[in-house]
Amino acid sequence: MFLKLVSRGLAALALIVCWVSGANAKDITLLNVSYDPTREFYQDFNVAFAKYWKEKSGDSLTIKQSHGGSGKQARSVLEGLEADVVTLALAYDIDALAEKGKLLPKDWQTRLPNNSSPYTSTIVFLVRKGNPKGIHDWPDLIKTGVTVITPNPKTSGGARWNYLAAYGYALRQPGGDDTKAREFIKSLFKNVPILDTGARGATTTFVQRGIGDVLIAWENEAILALKEIGKGEFEIVTPSLTILAEPPVAVVDKVVKRRGTEAVAKAYVEYLYTEAGQEIAAKHYYRPRLESVAQRYTAQFPVTKLITIDEAFGGWQKVHATHFAEGGLFDQLYQPSR
Amino acid sequence: MNIRRWVAYALITSATATAFPAQTEDSLPAIQALQRQIEELDQKVKILERKRELDQDATTEKAKSAVTVSAGTSGFSINSADTNFVLKIRGYVQADARFYLNTSPGITSHDTFLLRRVRPILEGTVFEKYDYRLMLDFGSGITSTTADNGFVQDAYVNARLWPQFQIQAGKFKAPVGLERLKPDGTLLFVERSYPTQLAPNRDVGIQVQGDVFDRRLSYAAGVFNGVADGGSGDFETADDEKDFAGRLFTHPFKNSSIAAIKGFGVGVAGTVGNQEGALRTFVSPGQQRFFAYRTGVGTNATTANIVADGEHWRFSPQGYYYWGPFGLFGEYVISSQQLSRSAGGDPTLATIRNKAWQVSASYVLTGEENSFKAIVPKKPFSLSSGGWGAWELTARVGQLKVDDNAFPLYANSTTSAREATSWGVGLNWHLNRNVKLNLNYEQTDFAGDEANPFTAKGEKAILTRIQFGF
């Protein structure tokens, strides 16, 4: 009886305090923790979504962004960075949030269409103007004298896509098998003098610091470099086979429930699938899922042979255990240059 | 960049001078070879520079996540990089001296040095929003009883969910007495005044609290075990009842542009509940007991044992005003408690209402800003640099009036005074943020029966303190 009385009293008081102190105020803050090359895309997207949300709900929305290597970003969220939404490079990184941090359910990927990947990209080569080293396909990257720039697969989601695209190419060659693919990866990384922690860092190394002959990059990042960072200084080479990169998005349930941002966070990720969201993604060189938008950008995205993680490698969990876990294939094959 | 330029220059000039002095056709392949060498060297230098850049980035990033350890006037602290986890090691010691200028037959206190408070403090934050505090006390005369572990002063956690709504649980000061809520290290006088003896001290419970309306209104409301007037407790030994305590305090002009009214604060506080068990005595500013309820074996009226036994409520209007170096502080407390007698016939129950008030004023001679919190000297005392710290003059007057109904059945008028009225003046020297000296003169007049030793001579006392805190 006594406890009931006290709890009711406290609840009533909390309601009164929330009311008088303006806890129902319409200023909302959202944090999107994302991977490295999405800065520009989400800057534009956030403006559009905040406007949409204002019209829909009347709430004023401030969306903060955090960017870095996808694996590093996931670790930050696990360690307490209060992300309402994560938009990372790999499903594996969000799986880690679900499994290790219990921050969202394990079936998070089923909550949104297309395995929670509202846009896709692929992996291409960015070479210097005139392609002086004659780089046209993956075998050209392991030639003596070719310097390759790619970030560290231990910290960068983009780097994992790069690695897996190369590995997948080697597997799919006539007579290709795991042994040959490992040899190929070993030779490739012999030509990599520096491992940046994220994709944007690798772009900086190649584009602004002038290091290397070829950058293995997200398609969107390569187009961005081509059109906006170093106009006329680079060329894009699309290899004969590459990988379909599906960067996923998710609402971080535990955070949004505690912060009371569940509805707006859900609307945020859903807005990525709308015509407006897809248009912004395409303008930032991500391949849109929505056919009506994709039709308008066919010239921007060349058709090439694409493998997927699931069909070529059996899914991210298997990929991680085999290739990127501590002591995995990458650790065995990569010898840092001296 | 310089390195690259020099390498290129050296290679070109040396190569030109030695390899192809005059001929140009024959030397073309050699020049091309040199160009390639230069490009390779250029790449190597760029790679080295970039590696160094990345190393520096990594070092910076690592520093951002590094734990910091600091020491300063606010104690020692260990902080996580994001400051979401903090441990502060603090503490203070108050070494007092009491001198009584007159003695009365009923007074047993002696001139003495004592350690009034010896309090180590561990406090901090976990997971950004959860503050904790553990404060122990090893001062002179601290004891531990079944109902109260006197060595544990504070032990609580405060969940700062929002500034407007926080939940605090554990043992801490109940939200009632204004002077009681003022931290010990910032007291104007060596000893607190009379209203504090009617307000609860530390109690165990849970309270919600917060600041609303742009921090102009503070509120606190909680449920506690309940303690006798002026007392602390951490274990309920006499009954199942609980006390409800609450306080509203406002700074209505906090955000005003007029400096003269910004420092005005006023509020009310109170408790209501049912208290059973032992009662406390009342003491003078010199800490001499001048009132006690009867205690005894309970065979007749004079040996009756008096205990709290029923409804207990308190009400306290309170306020302060600070403007520049000037400060004014006042509070009033009325405490109503039902008592019972163990012997001596009817009536066995009575409701006693004791009242107390105080008004104190202070002025910082050296011009520092006066406030409810600590005074921070503009120039700490230093023989070498000529700073004199902060000097503060203080004065106060206060009174505690025991309910007339307490006499003679519940208190002995020959050993207890009915009323104590005190005035005092003081000089505080804040040498720096960590060291403070107090010098007080306190004079008290007691009202009561002629046979009472207090009524004749009163109390004149000099109280001093050296306080060291970090």
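Structure: see above.
Procedures and definitions
- Residues numbered from 1 in each chain as written.
- Chains lettered and ligands numbered in written order.
- Predicted model: local features only at pLDDT ≥ 70, side-chain atom pairs only at ≥ 80, totals over all residues.
- Heavy atoms only, no water.
- Salt bridge = Lys/Arg side-chain N within 4 Å of Asp/Glu carboxyl O.
- Helix = DSSP H or I, 4+ residues; strand = E, 2+ residues; numbered from the N terminus.
- Buried < 20%, exposed > 50% of the residue type's maximum accessible area, 1.4 Å probe, protein only.
- Contact = heavy atoms within 4.5 Å.
- Axes fitted to C-alpha atoms, helices over the stretch in contact; angles between N-to-C directions.
- Parallel < 35°, antiparallel > 145°, perpendicular 65-115°, else oblique.
- Left-handed = near helix turned anticlockwise from the far one by under 90°.
- Nonpolar A, V, L, I, M, F, W, Y, C, P; charged D, E, K, R; others polar.
- Phe/Tyr/Trp six-rings, centres within 6.5 Å; stacked < 30°, edge-to-face > 60°.
- Lys NZ or Arg CZ within 6 Å of the ring centre and 35° of its normal.

### Points about the pattern of salt bridges
All names here are of chain B.
Next up, step 1: Evaluation of the coordinates by the stated rule reveals 42 salt bridges over all chains.
Next up, step 2: Arg-160 is the partner of Asp-131 in a salt bridge, and the nearest nitrogen-oxygen pair spans 2.6 Å. Of the two residues, Asp-131 sits in strand S5 (residues 130-136) while Arg-160 sits in strand S6 (residues 152-162), which places them 29 residues apart along the sequence.
Next up, step 3: For Arg-160, a relative accessible area of 29% puts it in the partly exposed group.
Next up, step 4: For Asp-404, the salt bridge identified is with Arg-418, shortest N-O distance 4.0 Å. Placement of Asp-404 in the loop between strand S17 (390-401) and strand S18 (419-430) and of Arg-418 in the loop between S17 and S18 is noted, with a sequence separation of 14 residues between them.
Next up, step 5: Note on Arg-418: relative accessible area 26%, which makes it partly exposed.

### Some words on the environment of Thr-203 of chain A
All names here are of chain A.
Next up, step 1: As for its placement among the helices and strands, Thr-203 is situated in helix H8 (residues 199-208).
Next up, step 2: Looking at Thr-203, the relative accessible area reads 2%, which means it is buried.
Next up, step 3: For the pair Thr-203 and Ala-222, spaced 19 residues apart in the sequence, the C-alpha separation amounts to 8.3 Å.
Next up, step 4: Excluding its chain neighbours within four sequence positions, the residues that come into contact with Thr-203 are Gln-208, Leu-215, Glu-221, Ala-225 and Ile-229.

### A word on the packing of helix H4 (residues 91-99) of chain A against helix H15 (residues 316-324) of chain A
When two helices pack together, you describe them by how their axes are tilted relative to each other and by the distance separating the axes.
Residues and elements named next belong to chain A.
Next up, step 1: Running from N to C, H4 and H15 point in directions that differ by 95 degrees, and their axes come no closer than 9 Å. Of the possible angle classes, the one that applies to H4 and H15 is roughly perpendicular. Between H4 and H15, the contacting residues are Ala-91, Tyr-92, Asp-95 and Glu-99 on the first element and Trp-316, Gln-317 and His-320 on the second.

### Regarding the packing of helix H2 (residues 39-57) of chain A against helix H12 (residues 275-283) of chain A
All names here are of chain A.
Next up, step 1: Running from N to C, H2 and H12 cross one another at 155 degrees; their axes reach a closest spacing of 9 Å. By the angle between their axes, H2 is roughly antiparallel relative to H12. In this structure, H2 crosses over H12, and the sense of that crossing is right-handed. Residues Phe-41, Asp-44, Phe-45 and Ala-48 of H2 form the contact with H12, whose participating residues are Gly-277, Ile-280 and Ala-281.
Next up, step 2: Here the contact of H2 with H12 is composed, by residue class, of 5 nonpolar, 1 polar and 1 charged.

### Things to note about the packing of aromatic side chains
For any pair of aromatic rings, the description rests on two quantities: the centre-to-centre distance and the angle between the ring planes.
Next up, step 1: All told, the structure shown has 52 aromatic pairs over all chains when counted by the stated rule.
Next up, step 2: Between the aromatic rings of Phe-41 of chain A and Tyr-119 of chain A, the centroid separation amounts to 5.3 Å while the plane-to-plane angle is 90 degrees, which identifies the pairing as edge-to-face. On the criterion of sequence distance, the pair formed by Phe-41 of chain A in helix H2 and Tyr-119 of chain A in strand S4 (residues 119-128) is long-range, its members being 78 residues apart. The residues Phe-41 of chain A and Tyr-119 of chain A share a single accessibility class, namely buried.
Next up, step 3: In this structure an aromatic cluster arises from ring pairing among Phe-41, Tyr-42, Phe-45, Phe-49, Tyr-52, Trp-53, Tyr-119, Tyr-268, Tyr-271 and Tyr-286 of chain A.
Next up, step 4: Above the plane of the ring of Tyr-410 of chain B lies Arg-341 of chain B, whose end atom (NZ or CZ) is 5.8 Å from the centre.
Next up, step 5: One residue, Arg-396 of chain B, lies across the ring of Phe-189 of chain B, its end atom 4.3 Å from the ring centre.

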